[in-house]
Amino acid sequence: MHLVADRLEKKFGAITAVADVSFTAVPGQVLGLLGPNGAGKSTTISMLAGLTKPDSGCVTIDGVTLGTGADPTKRHLGLVTQEIALLEELPARMNLEFFGGLYGLRGRPLASRIASVLELTSLADRAGDPPSQFSGGMRRRLNIACALLHEPQILLLDEPTVGVDPQSRNAIFDTIEVLAGEGRALVYTTHYMEEVERLCDRIVIIDHGKVLADDSLAGLLASTAVSNKLTLKYDLPPDGVALTEIAQLAGVTQIDLAGTELSVSAADLGTAAPRVLERLAARGFSCQELTSRRANLEDVFLSLTGRTLRDT
Amino acid sequence: MSHTVAAFRALVRKDIAIFLRDRRALIVSVLTPIVVAAFFGFLFGGTGSGGNAISRLPVGITDLDNSALSKAVVDSLKHDASLETQLVSEERAQQLVRAGKLRAAIVFPGGFEAQATGALLDAGSQHPEVKLLYDPSQSMVQPVVAGLLTQHVMQRISRPNFTGNARAAPFTLDRIAVATGPRYNGYAHSFAGMSIQFVLFMGIDAGVALLLMRQEGMWRRLRAAPLSRAVLLGSRVVSTTIIAMFILTVVYLAACLIFGVRISGSVPGFIMVACSFALLAATTGLMIASVGRTVAATRGVAIFAVLLLVMLGGAWVPAFLFPEWLQHVTEFVPTRWAVDGLDAMTWRGLPLQAALAPTAVLLGFSALFALIAIWRFNWEDG
Ligand SMILES: Nc1ncnc2c1ncn2[C@@H]1O[C@H](COP(=O)(O)OP(=O)(O)OP(=O)(O)O)[C@@H](O)[C@H]1O
Ligand SMILES: [Mg+2]
């Protein structure tokens, strides 16, 4: 099923939480909604899940406009909330029974769904324990499991890995990949670019409630003015003449000297790097340490907003 | 439709499972009312509870003698500032005392004057037997009325020809407790009052829990399911009502088995009053959840409000000890109707009809509270 967000807008009093958000989530793909704190990710998810009515714009599922309250279209959606929403003192199994019951599941079908989501999230051996006795990662996994019981074709995950150890994080990623592989459409919000790079087929970058970019990772890297970076360390930093020469080399887009560290940006490091090293060596500057880094989402975000994801 | 029913059941079962899960809280929630009620019942059921300033006691008088002396005594009683007298037939007196409209009634027998004056001259002669019908719920009323009666008779009878001072009263008093119940139990009232107080506390807890649910994101999660407001709030009312009835059942079981409280009136009437009160507690909680903001402030205000309500409802000190104006004012307090309704069906031993008004009032207040809750409930955030 296709989920379309069409020019969504939402204000809370004077605060515009979501100003203009549009995108389409398609079956079998994970769409990453990447943005810093307060970007409007959760508010967007609220509108996608039919919790909040947009001030303008609409959400459609296979062309049907999504309403709030008892709208049956909501059955196609599964929501994994940012705040863990579990019955802390009741056993995991009872949590699952409850959330399945909310969607009208009962008896044998419910039992078999519970068994399969427990297996998917590797919680089968802890089904009898209450989440209050779980680790952070296990609670996150159960939080996800609770959204899967009614087999939603569209899954909305709002920062599902917050406070999770690396092992559980990988388990969650595996689960998400399985779900996408089954042909579901997934919307995944996060402010970790590594997660988006690893998981998402399509990336929507939002900031201040607006979509800044909507593309695949490769597309984003190609379309934005970001480049790969070569970092060189010298005992004696290159002089002005050498720097001018390097800046004028073909393929070099930018250079920066910070103390003894020189960084050189280039679209194609393969051809630019040897020329840079050669020219510096000819000028008598011998390099002590050398690293190279491919451009990443962080650079994309920086180039789009002038800020890094981290320091917002 | 069946999906909605299944969802409704899941929501109700969840609330009840959470309530039953916490064994310690569960025990506290039924044990506290029992312990406190036992204490109050012990206090008020004991003998030494006179000395309170009370409002004018409504007392019925039946004069079967119609003699100069009996008329004079009746007249004298009429002018007593602590009594509000009313001349009635003996049969009517009995009815009124039983219905709680009169605190007591005095019946002067035929031949009262003749026998009383005879007894004055010769202590060994036959004493007239004056009946004192009294409402056994109020242990202090009976001695007060008996004392006043003796005082007025002595005053009147001594005027023409009485010489000595320290003579015994020239009549005997036949004290008759009038209640249809098999016997008065001092615990009955305190159990009504305390179960009401603590069930209301539970209602507040349920409301505060809903407030917490909204803060912690569970409410958001629930609203993601295709469920109407009616299902989400209605299930909450139903589960809280069921829990309230559970507490009432356990507390009254203890009252009956351990403290000898009897439902001397109508059992269906008792169930009606109890159920409608349980509903009231649930809607009170819902209203709190809809108007409250922070958990701490809401809990504080709600507890204060409940204490005020139960105090004015006569759960601590029976309402008949209130000054008269306060007795009237508190007719606008729902808990007053709950206490009176439970009292009527237990020790007062009144028939089903006496449960109708309290039930109707409690249901009316429940509807009002539910409407306020729906009106004020903020669906947007949280
Ligand atoms: N119920 C609300 N009332 C008022 N303002 C709100 C409400 N919900 C969100 N906001 C505001 O809207 C903006 C977007 O919030 P939102 O929760 O959608 O951001 P987010 O991208 O999910 O952030 P985070 O990464 O911290 O979860 C913020 O400025 C927030 O303060
Ligand atoms: Mg958020």
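None of these values were measured; they are calculated from a predicted model.

With that settled, the discussion passes to the nonpolar core. In this structure, Leu3, Leu48 and Leu156 of chain A are the most contacted members of the largest nonpolar core, which totals 156 residues. Broken down by element, this core gets its largest block of residues, 15 residues, from helix α7 (residues 186–215) of chain B. Look past the residues within four positions of Leu156 of chain A in its chain and what remains in contact with it is Leu3, Ile45, Leu48, Ala49, Leu77, Gly78, Leu79, Val80 and Val187 of chain A.

Bringing the site of ligand 1 into the picture now. Around ligand 1, 13 residues are found, and the nearest of them are Gly38, Lys41, Ser42, Thr43 and Glu159 of chain A. Mapping the residues near ligand 1 onto chains gives chains A and B. Within the backbone of Gly38 of chain A, one N or O atom sits 2.8 Å away from an oxygen atom of ligand 1. Within the contact set of ligand 1, an oxygen atom lies 3.0 Å away from a side-chain nitrogen or oxygen of Gln82 of chain A. Expressed as a share of its isolated accessible area of 630 Å², the protein-covered part of ligand 1 is 66%. The element best represented in the shell around ligand 1 is helix α1 (residues 41–48) of chain A, accounting for three residues.

It is common to give the size of an interface as the accessible area lost on bringing the parts into contact. Counting residues at the interface gives 34 residues for chain A, matched by 23 residues for chain B. Summing both sides of the interface, chain A and chain B together bury roughly 2,600 Å²; the carbon and sulfur share of this comes to 61%. When residues of chain A are sorted by the area they lose upon contact with chain B, Leu51, Phe98 and Leu102 of chain A head the list and together hold 23% of the total. Where chain A packs against chain B, one counts zero salt bridges. At the boundary of chain A with chain B, the tally comes to eight residue pairs in polar contact (both at pLDDT 80 or more). Residue assignment for the side of chain A that touches chain B shows that the elements contributing at least two residues are α1 and α2 (92–102) of chain A.

Here we come to the coordination of the magnesium ion (ligand 2). Residue and element names in this part refer to chain A. Around the magnesium ion (ligand 2), the protein contributes the donor atoms Ser42 (OG) and Gln82 (OE1), at 1.9 to 2.1 Å from the metal centre. Note that Ser42 is positioned in helix α1 and Gln82 in the loop between β6 (77–80) and α2, a separation of 40 residues in sequence. Residue classification places Ser42 among the partly exposed residues on the basis of a relative accessible area of 23%. A relative accessible area of 26% places Gln82 in the partly exposed class.

Let us now look at the domain arrangement of chain A. By domain assignment, chain A separates into domain 1 (3–220) and domain 2 (227–294). Here the C-alpha centre of domain 2 of chain A lies 44 Å away from the C-alpha centre of domain 1 of chain A.

Our focus in this paragraph is helix α3 (residues 107–120) of chain A. Residue and element names in this part refer to chain A. With 14 residues, α3 extends 20 Å between its outermost C-alpha atoms, agreeing within 8% with the 20 Å of an ideal straight helix rising 1.5 Å per residue. Within α3, burial applies to Leu110, Arg113, Ile114, Val117 and Leu118. Axial view of α3: buried residues confined to an arc of 130°, hence all on one face. In α3, the exposed residues that point more than 90 degrees away from the buried face are Arg108 and Glu119. Phi turns positive, to about 55°, at Ser122, one or two residues after α3.

Our focus in this paragraph is the sheet that holds strand β4 (residues 129–134) of chain B. All names here are of chain B. Strand order in this open sheet of five strands is β2-β1-β3-β4-β5, and the pairing throughout is mixed. Every other strand in the sheet has two partners, leaving β2 (83–87) and β5 (172–177) as the edge strands with one partner each. Across the sheet, the mean angle from the axis of one strand to that of its neighbour is 25°, orientation sign disregarded. Pairing analysis gives six bridges linking β4 to β5, with the strands arranged parallel. Pairing of Lys131 across the sheet is with Asp174, part of β5. Along the sheet, helix α4 (residues 90–98) makes contact with β1 (57–63), β2, β3 (104–108) and β4, crossing β4 at roughly 30°.

The next thing to look at is the confidence of the model for chain B. Residues and elements named next belong to chain B. Averaged over every residue, the pLDDT of chain B is 85; the share at 70 or more is 90%. Confidence over residues 46–54 falls short of pLDDT 50; this stretch has eight contacts with residues more than four positions distant or in other chains. Here residues 162–166 is a poorly scored stretch, pLDDT under 50, and it has three contacts once near neighbours within four places are set aside; other chains count.

Our focus in this paragraph is a nonpolar patch on the surface. A contiguous nonpolar surface patch, about 270 Å² in accessible area, is contributed by Ile27, Leu31 and Val35 of chain B. Mapped onto the elements, Ile27 of chain B comes out in helix α2 (residues 23–45).

Definitions and limits used
Residues numbered from 1 in each chain as written. Chains lettered and ligands numbered in written order. Predicted model: local features only at pLDDT ≥ 70, side-chain atom pairs only at ≥ 80, totals over all residues. Heavy atoms only, no water. Core = buried A, V, L, I, M, F, W, Y, C linked by side-chain atoms within 4.5 Å. Buried < 20%, exposed > 50% of the residue type's maximum accessible area, 1.4 Å probe, protein only. Helix = DSSP H or I, 4+ residues; strand = E, 2+ residues; numbered from the N terminus. Contact = heavy atoms within 4.5 Å. Near = heavy atom within 4 Å. Polar contact = N/O pair within 3.5 Å; in protein donor to acceptor, adjacent residues only side chain to side chain. Areas by Shrake-Rupley, 256 points an atom, 1.4 Å probe, with all protein chains shown as cover. Buried area = accessible area lost by both parts, 1.4 Å probe. Salt bridge = Lys/Arg side-chain N within 4 Å of Asp/Glu carboxyl O. Donors = N, O, S within 2.8 Å, 3.2 Å for Na, K, Ca; no water. Domains from an automatic or database assignment. Expected span 1.5 Å × (residues − 1). Arc of directions from axis to C-beta. Pairing = 2+ DSSP bridges. Axes fitted to C-alpha atoms, helices over the stretch in contact; angles between N-to-C directions. pLDDT = per-residue confidence, 0-100. Patch = residues over 30% accessible without salt bridge, like charges linked within 9 Å, V, L, I, M, F, W, Y side chains within 5 Å.

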